[in-house]
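The residues making up each chain are set out below.
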Amino acid sequence: MADLTSDFLGIKSPNPFWLASAPPTDKEYNVRRAFEAGWGGVVWKTLGAEGPPVVNVNGPRYGAIWGADRRLLGLNNIELITDRPLEVNLEEITRVKKDYPDRAIIVSLMVPCEEQAWKDILPRVEATGADGIELNFGCPHGMAERGMGSAVGQVPEYIQMVTEWCKKYYSKPVIVKLTPNITDIRNPARAANAGKADAVSLINTINSITSVNLDKMAPEPTIGDKGTHGGYCGPAVKPIAMNMVAEIARDPQTKGLPISAIGGVTTWRDAAEFMALGAGNVQVCTAAMTYGFKVVEEMISGLSQWMDEQGYTSLDDFVGMAVPNVTDWQYLDLNYVAKAKIDEDLCISCGRCFAACEDTSHQAIEMSDDRVFSVKDEECVACNLCVNVCPVEGCITMEEMAAGTVDPRTGDVVADEYANWTTHPNNPSAQAAE
Amino acid sequence: MATSHQASGVQAGRLPAEEIAENFSDLHPAYDPHEAAVAADRCYFCYDAPCVTACPTSIDIPQFIREIQAGHPASAARTILNQNILGGMCARVCPTETLCEEVCVREAAEGKPVEIGRLQRYATDVLMEQGSHPFTRAESTGKSVAVVGAGPAGLAAAHRLAMLGHDVVIHEAKAKSGGLNEFGIAAYKSTEDFAAREVDWLLQIGGITVEHGKALGQALSLEQLKADYDAVFLSIGLAGVNALRLDGEAMEGVCDAVNFIEDVRQADALAEVPVGRDVVVVGGGMTAIDAAVQSKLLGAENVTVAYRRSRAEMGASRFEQDLAASKGVKLMFNVQPAGLKGNGALEAVELEYTSSEGGKLSGTGEMVTVPANQLFKAIGQTLQGQPDMLALEGRKIKVDDQGRTSVSGIWAGGDCASGGEDLTVTAVAEGRDAAMDIHAALTGAAG
Ligand SMILES: Cc1cc2nc3c(=O)[nH]c(=O)nc-3n(C[C@H](O)[C@H](O)[C@H](O)COP(=O)(O)OP(=O)(O)OC[C@H]3O[C@@H](n4cnc5c(N)ncnc54)[C@H](O)[C@@H]3O)c2cc1C
Ligand SMILES: Cc1cc2nc3c(=O)[nH]c(=O)nc-3n(C[C@H](O)[C@H](O)[C@H](O)COP(=O)(O)O)c2cc1C
Ligand code: SF4
């Protein structure tokens, strides 16, 4: 059996599945049950500064997008940080950490952007015995209006400044949680790195309006007759999160900076993909909120099954393995030529590939009177649309053309050597090939 | 004493009324909105979808399913009804397993088609429950058309003609409209008086008068109709039934399956419909299966369908055969009735085994005797009461693709006319298409 033990920043946990800072980790009751269910660690629901806690709305906090059979695909929320007193949370964290020394407990924090505020809270957090802190620079609603959360996360200078304060007043690992609501994720990651953060975690939720109530003419969730943008999470955000993780992993300036990946992790596979892109572990929120704590069991069994099949004995064996294969468009091999191929035996003759290619692509699929579909190699540009719209997995495949054969579309011989846009004659700024 | 279930002879109330009611509940129950959404989501929205081609009324199936999926079932219903005004009934009675669902690509792929019939029912139910009628009449053309027979073909023709601005009078022999929708379709396919409700809803278009108790050949003559109206559409179905031609056919207990089914459909209380303890149904079509299944559901102990050819040749689809088997009906193949036994009342049926080698059916001489208090003849309906002036093709009124008969000004469609299968949906298609041709003829509009 593969060893799922995770060592992230020296913080040990029996597996790489942590619950992200959110309602599942808002109190002792939840966290104890999560640990009993098998979660490797938690990032405690974000704490604010001493004083009267924030207040949440008393109407609906969530909106959602569903797929077939109401499978939840995306969730949006307008919840704030914890609305329970700081003292209560700190006491609970202390108790739980004592009882679960083998699990990771990270304390998420969001206090005003003043040195004193951090200086005040950090020793108290340190006293709980928790394994580290996560700086919530990501929350996109409510807290940002008060100059915290994503309002800090969108300004790299602030990120660096606050990170430095934390490193000054706190001895254990400092993780900086990034907001995706920016144009280039590398800038805040570089700032965290410059502030000597031990790691970054991402993504927090994405600004969103999930739906509009057409009777009320207001966004949902609607509080009375108004709604606001909320933070989007769940399976729908995974592709966005994965790109951001990969960007940081392959950025020369942040290369090697540990990453805790968050965003739509629902099964073992999501975790494996994030980790292949350089994440040391993953955090989960929506999957737990949708299915309960038990979901972690599949993540554990699936990941170890896959690792066994691949011959990986520890997480380090595959973390970051896909990073070298993430490149820029300009470096893709323009001499690679493929053609779509339809397997007639698997084809169920729905004609979706035909409609897609004929109406919106390259008119490269032929339909016979008796509904046999075939690809016209002389038209096919290998765009992959037909593969993606085909309801039968494996029915349409992309077949690479061997070097030396002639591409009937261009009439050119498929070249053996790699060549990309940087050297292509059509590129006005092409460098001469050497 | 034997309980009523086992009581000999032909008796009503073999089962408690509640059990009978339960037995006759909807064969394909209605979807709730969530089930409909999930079922609709299975549709692949095929290009040039095979299901549309397979539907005799060419309903745009991917379109209506998409409308359900996108949350507007009432417009889905309009898509259906545009092509097939009896889309509600067809959703219940069409043998979808041999029509649209048979060619669904998901049937080919995984043996589980999109449940087109039930989705169609969902959409049409939603619209009909709104109580309104989605179509309006065009400006009056001043023309009038006589329709003879208020079955699916007649109703479809009348509705289309009324919509196009013609005035329509339907002459119907019976006291109720609907044709076999009302009298023939199995009770578990058309529950809660759906046939009558659908007729009322259809007539909301306006411009259609139904005159009941007006039989062509009796109070009415075709000559008179031709003289009184601008066009005539005949949709009189098949009012006759084939006989076995055996001695003792007049014995008590020997009757036509269609009459039995009509009794079931028209009964105020199903527990009052008498049925034999031992029932034999002779025939192999939908009528035979329906009579057998309904006998069983009423509490008959032994029900046997005796069909003279093989299973593969049976008119009833495999789905219908399995339905019958699942209710406990015994299906016998390659047997034909050779004699009726009984003294005044039927006691048993003698069946002879057959072989159909080389396509020619012949008795083998080997006999088997099956006890029977009741025998239902379901060996085909025949055209009856058709006017002499019309040419026939086979045993039906000869029509061309537009439904024109051999006499100008007279159209025909549905079971009474040549061409097409004898199905509700085919009758609707033929009625609708004849109406379009009548319209073209009356207004000079290009067909
Ligand atoms: C028992 C049974 C079960 C069936 N089950 C199914 C099924 O499940 N699914 C399916 O698709 N099809 C089924 N069918 C076939 C289907 O019912 C017919 O194909 C369809 O009803 C034909 O419609 P129509 O309008 O041509 O004729 P009909 O429905 O027969 O209507 C003819 C109408 O004309 C009237 N009429 C007859 N003679 C005269 C006259 N001389 N003057 C005035 N009016 C007259 C009749 O009273 C009747 O109202 C079944 C048929 C039977 C007999
Ligand atoms: C209701 C809700 C409340 C959240 N509250 C916090 C929070 O207090 N602090 C924080 O850092 N992230 C918070 N998040 C963001 C999650 O920790 C996580 O980053 C995000 O949901 C993406 O992960 P997922 O796709 O697994 O849900 C919250 C998310 C949800 C759904
Ligand atoms: S790969 Fe693209 S161009 Fe080629 S057949 Fe498929 S859809 Fe058409």
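Read on for an overview of the structure. (Residues numbered from 1 in each chain as written. Chains lettered and ligands numbered in written order. Predicted model: local features only at pLDDT ≥ 70, side-chain atom pairs only at ≥ 80, totals over all residues. Heavy atoms only, no water.)

Okay, the site of ligand 1 next. Residues and elements named next belong to chain B. By nearness alone, 35 residues border ligand 1, and Val-93, Glu-172, Lys-189, Leu-216 and Asp-415 come closest of all. At 2.6 Å from an oxygen atom of ligand 1 is found a side-chain nitrogen or oxygen belonging to Glu-172. Contact distances for ligand 1 include 3.1 Å between an oxygen atom and a backbone N or O atom of Leu-423. Expressed as a share of its isolated accessible area of 990 Å², the protein-covered part of ligand 1 is 94%. (Near = heavy atom within 4 Å. Polar contact = N/O pair within 3.5 Å; in protein donor to acceptor, adjacent residues only side chain to side chain. Areas by Shrake-Rupley, 256 points an atom, 1.4 Å probe, with all protein chains shown as cover.)

All names here are of chain A. Residues Ile-209, Val-212, Leu-214 and Met-217 make up a contiguous nonpolar surface patch of roughly 450 Å² in combined accessible area. Checked against the element boundaries, Met-217 lands in the loop between β12 (211–213) and β13 (218–220). The class of Met-217 is exposed, set by a relative accessible area of 62%. (Patch = residues over 30% accessible without salt bridge, like charges linked within 9 Å, V, L, I, M, F, W, Y side chains within 5 Å. Salt bridge = Lys/Arg side-chain N within 4 Å of Asp/Glu carboxyl O. Helix = DSSP H or I, 4+ residues; strand = E, 2+ residues; numbered from the N terminus. Buried < 20%, exposed > 50% of the residue type's maximum accessible area, 1.4 Å probe, protein only.)

Residue and element names in this part refer to chain A. Quantified by volume, the second largest pocket comes out at close to 530 Å³. Lining of the second largest pocket is provided by 25 residues; of these, Asp-333, Leu-334, Asn-335, Tyr-336 and Val-337 occupy positions nearest its centre. Its residues placed into classes, the lining of the second largest pocket shows 15 nonpolar, five polar and five charged. (1 Å grid on protein atoms, 1.4 Å probe; cavity = no way out; pocket = protein on both sides within 12 Å on 5 of 7 lines; lining within 4 Å. Points joined across faces, edges and corners; volume = space filled by probe spheres on them. Nonpolar A, V, L, I, M, F, W, Y, C, P; charged D, E, K, R; others polar.)

So, on to the packing of aromatic side chains. Going through the model one piece at a time under the given rule, you end up with nine aromatic pairs over all chains. Pairing Phe-354 of chain A with Phe-373 of chain A gives two aromatic rings, centres 6.3 Å apart and planes at 55°, and the pair type is tilted. With Phe-354 of chain A in helix α11 (residues 352–360) and Phe-373 of chain A in strand β19 (residues 373–375), this pair connects stretches of sequence that are 19 residues apart. Since its relative accessible area comes to 10%, Phe-354 of chain A is described here as buried. Under the relative-accessibility criterion, Phe-373 of chain A is labelled buried at 2%. Among the aromatic side chains, those forming a connected cluster through ring pairs are Trp-268, Trp-306, Tyr-312 and Phe-318 of chain A. The ring of Phe-45 of chain B has Arg-66 of chain B lying over it, and the distance from NZ or CZ to the ring centre is 5.0 Å. One cation-aromatic arrangement involves Arg-92 of chain B over Phe-194 of chain B; the distance from NZ or CZ to the ring centre is 3.6 Å. (Phe/Tyr/Trp six-rings, centres within 6.5 Å; stacked < 30°, edge-to-face > 60°. Lys NZ or Arg CZ within 6 Å of the ring centre and 35° of its normal.)

Residue and element names in this part refer to chain A. Lining the immediate surroundings of ligand 2 are 23 residues, of which Ser-21, Thr-46, Lys-177, Gly-264 and Thr-286 lie closest. One of the backbone nitrogen or oxygen atoms of Ser-21 is found 2.7 Å away from an oxygen atom of ligand 2. Side-chain polar atom of Lys-177 to an oxygen atom of ligand 2: 2.8 Å apart, as the coordinates give it. Notes on ligand 2: free accessible area 610 Å², of which the protein chains cover 98%. Applying the majority rule of atoms within 2 Å of the grid points places ligand 2 in the largest cavity. Looking at side-chain class alone, the shell around ligand 2 contains 10 nonpolar, 10 polar and three charged residues. (Sits in = over half its atoms within 2 Å of the grid points.)

Right, let's talk about empty space enclosed by the protein for a bit. Residue and element names in this part refer to chain A. Applying the stated criterion to the full structure yields seven cavities of 30 Å³ or more. Considered as a void within the structure, the largest cavity measures approximately 400 Å³ in volume. Lining of the largest cavity is provided by 34 residues; of these, Ser-21, Ala-22, Asn-204, Thr-205 and Cys-285 occupy positions nearest its centre. Here the element with the most residues in the lining of the largest cavity is helix α9 (residues 286–291); it accounts for three residues. Per-class residue counts for the lining of the largest cavity are 18 nonpolar, 13 polar and three charged.

A few words on the side chain of Asn-30 of chain A. Its place among the elements puts Asn-30 of chain A in helix α1 (residues 28–37). Here Asn-30 of chain A is in contact with Pro-23, Pro-24, Thr-25 and Phe-293 of chain A, once residues within four sequence places are set aside. (Contact = heavy atoms within 4.5 Å.)

When their charged atoms lie close together, side chains carrying opposite charge are able to pair. Residues and elements named next belong to chain A. Counted according to the given criterion, the structure contains 43 salt bridges over all chains. In this structure, the salt-bridge partner of Asp-251 is Arg-190, at a minimum N-O distance of 2.7 Å. Of this pair, Asp-251 sits in the loop between α7 (238–250) and β15 (259–262) while Arg-190 sits in helix α6 (residues 186–194), placing them 61 residues apart in sequence. On the accessibility criterion, Asp-251 (4% relative accessible area) is buried. Given a relative accessible area of 23%, Arg-190 falls into the partly exposed group. It is possible to trace a salt-bridge network through shared partners that takes in Glu-28, Arg-32, Arg-95 and Asp-99.

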